[in-house]
4 protein chains.
Amino acid sequence: MEDKPRIRVGLVGAGFMGRCHANAFRSVAGIFDLPAEIELEILADADEKLAAENASELGFRRSTGDWRKLASDLEVDVVAIAAPNSLHEPIATDAIANGKSVYCEKPLAVDGEAAKRMMDAAELAGATTLVGFNFLSNPLMTLAREMVQDGDIGDVTCFRGRHAEDYMASGDSPHTFRTDPAGGGALADLGSHIIAMARYLVGPIIEVGGNLRTIHETRPESQGSSRLVPVEVDDVAYSHVVFENGAAGVIEANWAASGKTMDLSFEITGSAGSIVFTQERMNELRVWRRKPSRRQNGFTIIESGPDHPPYGRFCPAPGHQLGFNDLKVIEVSRLIHGIVEGRAAFPDFREAYRIQLTVDAIRRSSTERRWIRVFE
Amino acid sequence: MEDKPRIRVGLVGAGFMGRCHANAFRSVAGIFDLPAEIELEILADADEKLAAENASELGFRRSTGDWRKLASDLEVDVVAIAAPNSLHEPIATDAIANGKSVYCEKPLAVDGEAAKRMMDAAELAGATTLVGFNFLSNPLMTLAREMVQDGDIGDVTCFRGRHAEDYMASGDSPHTFRTDPAGGGALADLGSHIIAMARYLVGPIIEVGGNLRTIHETRPESQGSSRLVPVEVDDVAYSHVVFENGAAGVIEANWAASGKTMDLSFEITGSAGSIVFTQERMNELRVWRRKPSRRQNGFTIIESGPDHPPYGRFCPAPGHQLGFNDLKVIEVSRLIHGIVEGRAAFPDFREAYRIQLTVDAIRRSSTERRWIRVFE
Amino acid sequence: MEDKPRIRVGLVGAGFMGRCHANAFRSVAGIFDLPAEIELEILADADEKLAAENASELGFRRSTGDWRKLASDLEVDVVAIAAPNSLHEPIATDAIANGKSVYCEKPLAVDGEAAKRMMDAAELAGATTLVGFNFLSNPLMTLAREMVQDGDIGDVTCFRGRHAEDYMASGDSPHTFRTDPAGGGALADLGSHIIAMARYLVGPIIEVGGNLRTIHETRPESQGSSRLVPVEVDDVAYSHVVFENGAAGVIEANWAASGKTMDLSFEITGSAGSIVFTQERMNELRVWRRKPSRRQNGFTIIESGPDHPPYGRFCPAPGHQLGFNDLKVIEVSRLIHGIVEGRAAFPDFREAYRIQLTVDAIRRSSTERRWIRVFE
Amino acid sequence: MEDKPRIRVGLVGAGFMGRCHANAFRSVAGIFDLPAEIELEILADADEKLAAENASELGFRRSTGDWRKLASDLEVDVVAIAAPNSLHEPIATDAIANGKSVYCEKPLAVDGEAAKRMMDAAELAGATTLVGFNFLSNPLMTLAREMVQDGDIGDVTCFRGRHAEDYMASGDSPHTFRTDPAGGGALADLGSHIIAMARYLVGPIIEVGGNLRTIHETRPESQGSSRLVPVEVDDVAYSHVVFENGAAGVIEANWAASGKTMDLSFEITGSAGSIVFTQERMNELRVWRRKPSRRQNGFTIIESGPDHPPYGRFCPAPGHQLGFNDLKVIEVSRLIHGIVEGRAAFPDFREAYRIQLTVDAIRRSSTERRWIRVFE
């Protein structure tokens, strides 16, 4: 054990997502046989008192009210960013300039230009980066991707994906950072997840035709406020998508989907089969493959289990089920491997940049009411 | 009983859909308390021998190889058309000219212009017409429509619908009437169903942005043929839709959706709830309504039962379940009422014409790669 | 067509189940290519006026208020019995004595002794008989049975079955013929269905250990009555079952299962797989088979379709779905074949007698609080 | 923070369940706001080398090859037992004698007598105890229990429960500790879970009528061995159950249920509603309540979320989903509260003893082929 390098974590953000990061860093060594020892070094939050309290509670040695101190701290190896979106760029670039690895929540940046600057900085510095598109860490996504790539469903022809929740379905839901015109909206918040998944499973999206809609033209300025403020972002976004490999389909981002809590879902159709998934039943993957007869054929419900690594690190048998927080632990384990092995993790800033470009293209396509090529 | 008028049926088409019509006409009086007595008068099929055989088997008094004779037969009150799409117009207009009511399979016509001619002829003559969008006859669709109209889910904001099957998923599936450039393709064949349903439940679609795709560029000329012929119609069609009431969404028509057999499905989202359905479980409707707490709230699965008329005409209790053929019987009962009461049935030629216009607009929108207003 | 024999139907009972029979006889020739022509000859009901009205509506030539006249009518070939349970024996034996075939609703009789007399009479006379255990006519039951017999799931080891509904869940549900001590109770009414299914799929039950429970000790004498009358029959019955082939399990009959509408369901477990079904989704069968790895294995949902005859007689493609009334049509088609071909149909009086013996054994086992062998 | 007492953990067992305990102890402080600080003090395993390795990996300060040293270690406050079942009694009683709290995996003991000795020792010493019936920690079980107790489903009338998996379905699955005649078998291993749940939700079981079955009469002595050894325990156990409150039903324990991975499931029926659950979808609870009409009524699928504490400690919103390991964290948090507050946790040794008595009664009932009262 003595031979293992230490990786000292500096975490920016003591809110919910910050706690989620901290817990994943705490848990990961108990689950995985990691190539490094993880130490929770320092926690930063603009609210210095909260930082101090949570640092103690979450097991960090130190705390600070100034993320800049954290980003340049000599005792920090990796900077984890669970701060407001608008801070992602300054924190990440500062951390990279100081030689740190960076683990950043999604979306990477408020727009493609910012994302490009972050990517360029990271690649120039050779920094290991990882962006928190948690849902890609599901072992069943690995299986789905493998099946697609192995041709198990033939050539991919169609993709139908969405991420639908309902936390903004009511017009009484107030403005938050999510409705900030700089980087906000359902497409950026939720659409980026389904775009990440589409890219992971089917490949690059090369052309889009979007339709962004604002359902509630005004929202309370803050929780319970009677002052209504105009909304400038989308509540729901639909888009045609065409993939590099010729497949086509539609995606949807919707935070006003009454009744839906986590319908990050897709149907990948191939010439010889299909794969269906929803995050609402994250331990199940439905697969169909054409056979000569339908007499004994149909969709098969594959349950997550030890045959889908790294499920077995968490539970000894199928049926036990992974939860959301386990996905974050898997994500962190990949980050640690990337750092120790001096290589890119996935999805890194480059991938997140491409996701952001796709988001931007859909938004522009909607505004201009025309098809847009993503990389033109 | 003697007071009831007779309605004598002339059916064109002795194939599967023809049998389906015949069976519905045979069964309907046993299920419903109809205002008329139905008599199976004459069956026409281009294959005169088949017509004769099936006439006997299905209980028709007479048969003919010439639909024109049927359409002008004095002993016929209603002409049912289960013939190839390209014959819908001549048969229907001839029948209408002869004073008959007309019951026509969908799609009404090969394009909007033909549909308009048929509609105009019917309305000029005051003919009762009904077009076979079977799935609207599901008692649960009546409930869904009522809930929407009563505001049970608030204002409708989003619609996500599709009709996906896989009978053309394989490139080995040959050309048939369905791939005929005149009126063929997944959008016309399946898309018309989901458009009909969207209109029935949410209202008119006023703007579309389509993307039609041909997956298999060639298909065998006929079953088993080694001669490959180019395909000119779509295998899958996606479209943005905007409704008159301001709701928006996407629809899809797909006959290459590997694994899907009858995914005529929708999710209607409102500001205060949502309604979810798939024809694959045609006896279930899922409904969600916002409540102050989620503690005991969630989607409710409503099962079709006697509380959803006319289910009780078929089965004495919930759980027994209606099947596809029962929908056809309900459709026929509505036709009979329309005829006897001298009023339009639903969906009539006018409604089918509007559906056709929507289909045409989506197709044009895809070709021209731009948004199209449906009634501009 | 002239060569086909005629089968003239006499139906006793103009209530709901009688209509159901009549409709099945009306429809069956349009669906199947039968070896006989069916004629609706005469309808009997104790309510002579109702008989006359319904005869006209349902297409019978004649009607009577006296089933005895029907049972001996020279123009009747098959007597269909949809009358109260206590009349099954006299009607059936009279009809058999007059050389008729008999189609009887379940349960065959009020107890095993009566069932035996009926069976003996039928077999002595060589009469074709069929008892209406409708649910066995589901094409997916044919598939399930075939899979069991072909060893697709290995040796059958366990059976878990039930028929649960909730029409008597409320103590306000009044006495009806179902609570008649002679032949009533949940076990007789619903348990007979799951016993029939268990026998059809797994084989004879040779030993039982039952527990019958009366939930509501009194019920209103009739709908809305304030007079409460003691209940002597079971609301729910559980029983251990051991099959001739060594498999074991439990069955349940429950008419107080709040929320359940048609949970006639089973799980057949074998050493190498399992088959799961519920009538609430009568067009789906779930099958699991052991494979070397679970990585791509799981339960497969088989949808009813043309690969499951005679589904294709009703619908051209999978996904359309059969309904309850279609099962009755299939049942009648089997009856007709039995009559014309002069052989037993299935399930005949002998099979129904054995089902009744199993019911009786479970009831006695519960009373005596001990295991009972079914045929001892 | 300085005021919080320390709770120092001694864990016996470095196998999978031991790791599961260790991870829960590591994670719990990050999730809950605990009244104590947890320290991983010492890890014991009969394999001393494994103990040392895992101690380091899992964050324990020390390790030992002798559980006796751990049980009497002055630096240990709570002894967690994840050792073979036959060691539960000696370890627990030794720990209790040394003034420790005890956290023991289920089943508590090999039989009721051993369980009684353990319970008596704990209660005499006033030790806080908790037995690892993990699944009771599901927030949805809290909701289900509350609904039952609040009368939301009326009087409970029926219970149908099971725990079915298939890890011993194949006859090639070898003997392990699970098939040890002392305390082994499906009933003890899995049945104890469904009995625990039944008691938690519906109350004490007072009478049983069991049927235990051994499907594979022999099994390989060990993995891959060709030497077959007789099996003395049950592969599947069914039992009638009657509850103190008058409800009745059946339970099943089955480790040969081909295809099932975690069907720990139940249906609680009341006079006015019902509650349905399966651990295979541990984030969903299905509830039905009688309403005047079924028109808009049906089973409601409640999804686990922040309205079901302590879900919100893990995830910020519904839909994210808890996993199996989260249940263990909740269990540990309850243990810590029990210890700090000097009171019993739930389920403690007394509850586990009663569960064991129920297991014993079912086994004896099967052997003697008669009904048995549980506490006679």
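For the structure, check the block above.
The structure presented is a predicted model; accordingly, all values stated were derived computationally and were not measured.

## So, the packing of aromatic side chains
Phase 1 of the analysis: Counting across every chain of the model gives 32 aromatic pairs over all chains.
Phase 2 of the analysis: Consider the rings of F25(B) and Y103(B), whose centres lie 6.0 Å apart with planes at 85 degrees: the pair is edge-to-face. Taken together, the residues span a long stretch of sequence, with F25(B) in helix 1 (residues 16-31) and Y103(B) in strand 5 (residues 101-104) at a distance of 78 residues. Accessibility classification places F25(B) together with Y103(B) in one group, the buried group.
Phase 3 of the analysis: Among the aromatic residues, those joined into a cluster by ring pairs are F159(A), F243(A), F266(A) and F277(A).
Phase 4 of the analysis: The ring of Y167(B) has R178(B) sitting right over it, with the charged end atom 4.9 Å from the ring centre.

## Focus on the interface of chain B and chain C
Phase 1 of the analysis: Tallying the contact residues gives 36 residues for chain B and 36 residues for chain C.
Phase 2 of the analysis: Between chain B and chain C, the buried area comes to about 3,200 Å², and carbon and sulfur atoms account for 43% of it.
Phase 3 of the analysis: One can count two salt bridges joining chain B with chain C.
Phase 4 of the analysis: In this structure, R281(B) and E284(C) form a salt bridge, with 2.8 Å as the shortest nitrogen-oxygen distance.
Phase 5 of the analysis: Where the side of chain B that touches chain C is concerned, the elements lending two or more residues are helix 1, helix 2 (48-58), strand 15 (284-289), helix 8 (311-314) and helix 9 (324-340) of chain B.
Phase 6 of the analysis: Examining the composition of the side of chain B that touches chain C, we find that eight residues originate from one element, helix 1 of chain B, more than from any other.

## Observations regarding the pattern of salt bridges
Residue and element names in this part refer to chain C.
Phase 1 of the analysis: Taken as a whole and judged by the stated rule, the model has 140 salt bridges over all chains.
Phase 2 of the analysis: Measuring nitrogen to oxygen at the nearest pair gives 2.9 Å for the salt bridge that ties D120 to K116. You can see D120 and its partner K116 sitting in helix 5 (residues 112-125), four residues apart, about one turn around the helix.
Phase 3 of the analysis: Residue classification places K116 among the partly exposed positions, given a relative accessible area of 36%.

## Some remarks on empty space enclosed by the protein
Phase 1 of the analysis: If you walk through the whole model with that rule in mind, you get 14 cavities of 30 Å³ or more.
Phase 2 of the analysis: Along the walls of the second largest cavity sit 16 residues, with E280(A), R281(A), N283(D), E284(D) and Q321(D) positioned nearest its centre.

## Some details on the interface of chain A and chain B
Phase 1 of the analysis: Listed per partner, the contact involves 46 residues of chain A and 46 residues of chain B.
Phase 2 of the analysis: When the two sides are added together, the surface that chain A and chain B hide from each other amounts to roughly 3,500 Å², 50% of it contributed by carbon and sulfur.
Phase 3 of the analysis: The salt bridge involving R160(A) is made with E252(B); its shortest N-O contact spans 2.6 Å.
Phase 4 of the analysis: The interface formed by chain A and chain B holds 18 residue pairs in polar contact (both at pLDDT 80 or more) in total.
Phase 5 of the analysis: If one sorts the elements of the side of chain A that touches chain B by residue count, strand 7 (residues 156-164) of chain A sits on top with six residues.
Phase 6 of the analysis: Here the residues of the side of chain A that touches chain B sort into 16 nonpolar, 19 polar and 11 charged.

## A few points about the relation of the copies chain A and chain B
Phase 1 of the analysis: Least-squares fitting of chain A to chain B yields an RMSD of 0.0 Å, with the superposition described by an axial translation of 0.0 Å and a rotation of 180 degrees. On the angle and the small slide along the axis, the relation comes out as a two-fold axis. Considering only C-alpha atoms, the residue of chain A closest to the rotation axis is R370(A), which sits at 3.1 Å.
Phase 2 of the analysis: A shared binding surface is used by both copies, with 100% of the interface residues of chain A retained as interface residues in chain B.

What counts and how
- Residues numbered from 1 in each chain as written.
- Chains lettered and ligands numbered in written order.
- Predicted model: local features only at pLDDT ≥ 70, side-chain atom pairs only at ≥ 80, totals over all residues.
- Heavy atoms only, no water.
- Phe/Tyr/Trp six-rings, centres within 6.5 Å; stacked < 30°, edge-to-face > 60°.
- Helix = DSSP H or I, 4+ residues; strand = E, 2+ residues; numbered from the N terminus.
- Buried < 20%, exposed > 50% of the residue type's maximum accessible area, 1.4 Å probe, protein only.
- Lys NZ or Arg CZ within 6 Å of the ring centre and 35° of its normal.
- Contact = heavy atoms within 4.5 Å.
- Buried area = accessible area lost by both parts, 1.4 Å probe.
- Salt bridge = Lys/Arg side-chain N within 4 Å of Asp/Glu carboxyl O.
- 1 Å grid on protein atoms, 1.4 Å probe; cavity = no way out; pocket = protein on both sides within 12 Å on 5 of 7 lines; lining within 4 Å.
- Points joined across faces, edges and corners; volume = space filled by probe spheres on them.
- Polar contact = N/O pair within 3.5 Å; in protein donor to acceptor, adjacent residues only side chain to side chain.
- Nonpolar A, V, L, I, M, F, W, Y, C, P; charged D, E, K, R; others polar.
- Least-squares fit on C-alpha atoms with pLDDT ≥ 70 in both.

Read these as layout, nothing more, since geometry by itself doesn't imply function.
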